[in-house]
Amino acid sequence: MDTSDATNWPDRWNHLQKFLERSSPFAHPDFEPSSETLTFLQETCHILVIGAGGLGCELLKDLALLGFRHIDVIDMDTIDLSNLNRQFLFRRKDIGQPKAEVAARFINSRVPGCCVTPHYAKIQDFDESFYKSFHIIVCGLDSIVARRWINGLLIGLLNYEEDGTLDRSSIIPLIDGGTEGFKGNARVILPGMTACIECTLDLFPPQVNFPLCTIAHTPRLPEHCVEYVRLLLWPKESPFGEGVAIDGDEPKHINWIYKKAMERASDYNIMGVTYRLTQGVVKRIIPAVASTNAVIAAVCATEVLKIATSCCPSLNNYMNFNDIEGIYTYMFEAEKKENCSVCSQIPQTLRFKESDTLQDIVTYLIESQAYQLKSPGIVTVQDGKNKTLYMSTVKSIEAATKINLKKTMRELNLKDGQEIYVADPTCPNNLLFKLILASEMTTSPPAGTENQL
């Protein structure tokens, strides 16, 4: 290595060279000590970090200090005052600016030779060719929907041989980290080989939802007051115009909800409604702890280094961390689900009766623990042509297809064994389902139960 290089002064990478250029009993079987490994790390390896928040800031710092020089970061958010207590790449003067751009600028100025390229955008804004350009993808997200989307995309990039064997060169490893207060987890996903996000969807804690009757008539908590304004008053009063949705990052929206929630709390003698609580409830913000972010990001960055260099076997494949009382870690192998709706290559089976309606299918796909879809759209093929049965994401199509929700399978001319394709924001690719329809005279299990076995 040329020590005259202004970004590679003597001994700068000594900590890496000690285990990249030496043999070790702990190394991966494929590892070969070489100075070329560090060169690959710095000149060739291309890393994508998704999220520039609490975890993302830590990840960018760790990866840059580990020698990775070609890093892209995607984040769609701007910096808020509440971020400054833990997202250390930001300062008060940065409030209102895109997180990705500020984080990239900070790392580039502090770590000589590192080039972080920012993308102030949604992950859905990029096509497959963009994601194919990366060797490893690391997620520091606070959204389960976004995790499921990138997981589905990477599964969709896999190639298979004619005999059905997975082409391992098409695999882009996904390192995923998550935190919730003093708890955290890190996992390594090799798409097509190990358990994916959908395989372990039941590991994610369910969102807390309050009964509507409690919110409307017997509120007891400050959260009830905020939810009352969000769910009932906002659509009724339309404070910023008809059809304007709540934007959790718009101060005017949050301030209006906060004031109305205060009035509601005063009527019921409820204490504790604050601006920060209001924003947390509206945006579903989970309280973050800086030290937990640091630990999980360090684990994720270490796994990136392991995979990129083979200097050590990678995590197999899930780690839990908890420091509520002392420090506790536990590692286990999350098992690949044989009939996973995303990575199994097996059409899912939906069992209904001919008298069941399309609404029954939609409701099941949303409420089922196995699928947990958000707003499924359903398409099928009839007489050789695609037919949209229902689609809620496009207003004009929803208006034309909403009537189908009340129709039965028989009225929609759906046959036993017919395939339907389901589109949902949680996945970039359509999910394939096979309908098993029973007549009224046939004894069959309740709708959808076959998928829960």
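Residues numbered from 1 in each chain as written. Predicted model: local features only at pLDDT ≥ 70, side-chain atom pairs only at ≥ 80, totals over all residues. Heavy atoms only, no water.

Student: Just checking my understanding: could you explain helix H3 (residues 54-65) for this structure?
Tutor: Along an α-helix, a turn takes 3.6 residues, which lines up residues three or four apart on a common side. Here H3 contains 12 residues, and its C-alpha end-to-end distance of 17 Å stays within 8% of the 16 Å for a straight helix at 1.5 Å per residue. In terms of burial, H3 is a largely internal element, 10 of the 12 residues being buried. Buried within H3 we find Gly-54, Leu-55, Gly-56, Cys-57, Glu-58, Leu-59, Leu-60, Asp-62, Leu-63 and Ala-64. Phi turns positive, to about 105°, at Gly-67, one or two residues after H3. (Helix = DSSP H or I, 4+ residues; strand = E, 2+ residues; numbered from the N terminus. Expected span 1.5 Å × (residues − 1). Buried < 20%, exposed > 50% of the residue type's maximum accessible area, 1.4 Å probe, protein only.)

Student: Sorry, what's going on with the sheet that holds strand E2 (residues 70-74) here?
Tutor: In a beta sheet, neighbouring strands are held together by backbone hydrogen bonds and run either parallel or antiparallel to one another. Pairing in this open sheet of eight strands is mixed, and the strands run E3-E2-E1-E4-E7-E8-E9-E10 from one edge to the other. Lying at the two open borders of the sheet, with one neighbouring strand each, are strand E3 (115-119) and strand E10 (328-332). If you compare each strand with its neighbour and ignore which way they point, the axes differ by 15° on average. Relative to strand E9 (residues 318-322), strand E8 (residues 183-189) runs antiparallel, the two being bridged by five bridges. (Pairing = 2+ DSSP bridges. Axes fitted to C-alpha atoms, helices over the stretch in contact; angles between N-to-C directions.)

Student: For this particular structure, what's the right way to read the packing of helix H8 (residues 222-237) against helix H10 (residues 275-283)?
Tutor: Describing two packed helices takes the angle between their axes plus the distance from one axis to the other. Viewed as axis vectors pointing N to C, H8 and H10 meet at an angle of 60°, and their least axial separation amounts to 10 Å. Considering the angle they form, H8 stands oblique to H10. The crossing of H8 and H10 is right-handed. Between H8 and H10, the residues in contact are Pro-222, Glu-223, Val-226, Glu-227 and Arg-230 and Leu-277, Thr-278, Val-281 and Val-282, respectively. A class-by-class count of the residues in the contact of H8 with H10 yields five nonpolar, one polar and three charged. (Parallel < 35°, antiparallel > 145°, perpendicular 65-115°, else oblique. Left-handed = near helix turned anticlockwise from the far one by under 90°. Contact = heavy atoms within 4.5 Å. Nonpolar A, V, L, I, M, F, W, Y, C, P; charged D, E, K, R; others polar.)

Student: Where do I start with the environment of Cys-45 in this structure?
Tutor: Note that Cys-45 resides in the loop between helix H2 (36-43) and strand E1 (46-50). Along the primary structure Cys-45 and Ile-155 are separated by 110 residues, whereas in three dimensions their C-alpha atoms are 21 Å apart. Those residues in contact with Cys-45, other than ones at most four positions away along the chain, are Phe-40, Phe-68, His-70, His-135 and Ala-308.

Student: Just checking my understanding: could you explain the sheet that holds strand E14 (residues 419-424) for this structure?
Tutor: With respect to topology, five strands assemble into an open sheet ordered E11-E15-E14-E12-E13, the strand pairing being mixed. In the strand order of this sheet, the two ends are held by strand E11 (348-353) and strand E13 (385-390), each with one partner. If you compare each strand with its neighbour and ignore which way they point, the axes differ by 35° on average. The pairing of strand E12 (residues 377-382) with E14 spans four bridges and is antiparallel.

Student: I keep staring at the packing of H3 against helix H11 (residues 290-309) and nothing clicks. Help me out?
Tutor: Two numbers describe how H3 lies on H11: the axes approach to 8 Å, and their chain directions differ by 45°. Compared by their axis directions, H3 and H11 come out oblique. Our pair here, H3 against H11, has a crossing hand that is right-handed. In contact with Gly-54, Leu-55, Glu-58, Leu-59, Asp-62 and Leu-63 of H3, H11 contributes Ala-290, Asn-293, Ala-294, Ile-296, Ala-297, Ala-298, Cys-300, Ala-301 and Val-304.

Student: Just to check I follow, could you spell out the pairing of E9 for this structure?
Tutor: If a strand is regular, its side chains alternate between the two faces of the sheet. Of the pairings in the sheet, the one linking E9 to E10 comprises five bridges and is antiparallel in character. Following the sheet pairing, Asn-320 is matched in E10 by Tyr-330. Taken together, E9 and the strand that follows it, E10, pair antiparallel across an intervening segment of five residues, in which Gly-326 is found at a positive phi of about 75°.

Student: Explain the nonpolar core to me, please; I cannot follow it from the model alone.
Tutor: Core analysis: the biggest nonpolar cluster contains 49 residues, and Leu-60 and Phe-68 have the highest contact counts within it. Among the elements that line this core, the one with the most residues is H11, at eight residues. In contact with Leu-60, other than residues within four places in its own chain, are Val-49, Ile-71, Val-73, Leu-89, Ala-103, Ile-107 and Val-116. Residues Ile-171, Cys-199, Leu-365 and Ile-378 belong to the second largest nonpolar core, which totals 36 residues. (Core = buried A, V, L, I, M, F, W, Y, C linked by side-chain atoms within 4.5 Å.)

Student: Any chance you could explain the pairing of E13 here in plain terms?
Tutor: Across five bridges, E12 lies against E13 in antiparallel orientation. Following the sheet pairing, Thr-380 is matched in E13 by Lys-387. Counting the residues in the hairpin turn of E12 and E13 gives two residues, including Asp-383, whose phi is positive at 55°.

Student: Hey, could you run me through H11 in this one?
Tutor: Compared with the 28 Å implied by 1.5 Å per residue over 20 residues, the 28 Å span of H11 between its first and last C-alpha is a close match. Following H11 by one or two positions, Ser-310 has its phi on the positive side, about 60°.

Student: Explanation requested: unusual backbone geometry in the structure shown.
Tutor: If a residue is not glycine, its phi is most likely negative; likewise, a peptide bond is most likely trans. Residue Asn-317 follows Asn-316 across a cis peptide bond; omega there is -10°. Residue position: Asn-317 is located in the loop between H11 and E9. Although it is not a glycine, Ser-310 sits at a positive phi angle of roughly 60°. You will see that Asn-413, though not glycine, has its phi angle at about 60°, which is positive. Following the sequence through the fold, Asn-413 ends up in the loop between helix H13 (395-401) and E14.

Student: Quick question: what am I supposed to make of the packing of aromatic side chains here?
Tutor: Aromatic rings in a pair are described by how distant their centres are and how their planes are angled relative to each other. One pass over the structure, following the stated rule, counts 12 aromatic pairs. A ring pair is formed by Tyr-258 and Tyr-275, whose centres lie 6.0 Å apart and whose planes are at 75°; its orientation type is edge-to-face. Highlighted residues: Tyr-258 in helix H9 (residues 251-267) and Tyr-275 in helix H10, separated in sequence by 17 residues. The exposure class of Tyr-258 is partly exposed, given its relative accessible area of 22%. The class of Tyr-275 is partly exposed, set by a relative accessible area of 32%. Summarising the aromatic geometry, the rings of Tyr-330 and Phe-332 are spaced 5.9 Å apart at their centres and angled 25° between planes, so their arrangement reads as stacked. (Phe/Tyr/Trp six-rings, centres within 6.5 Å; stacked < 30°, edge-to-face > 60°.)

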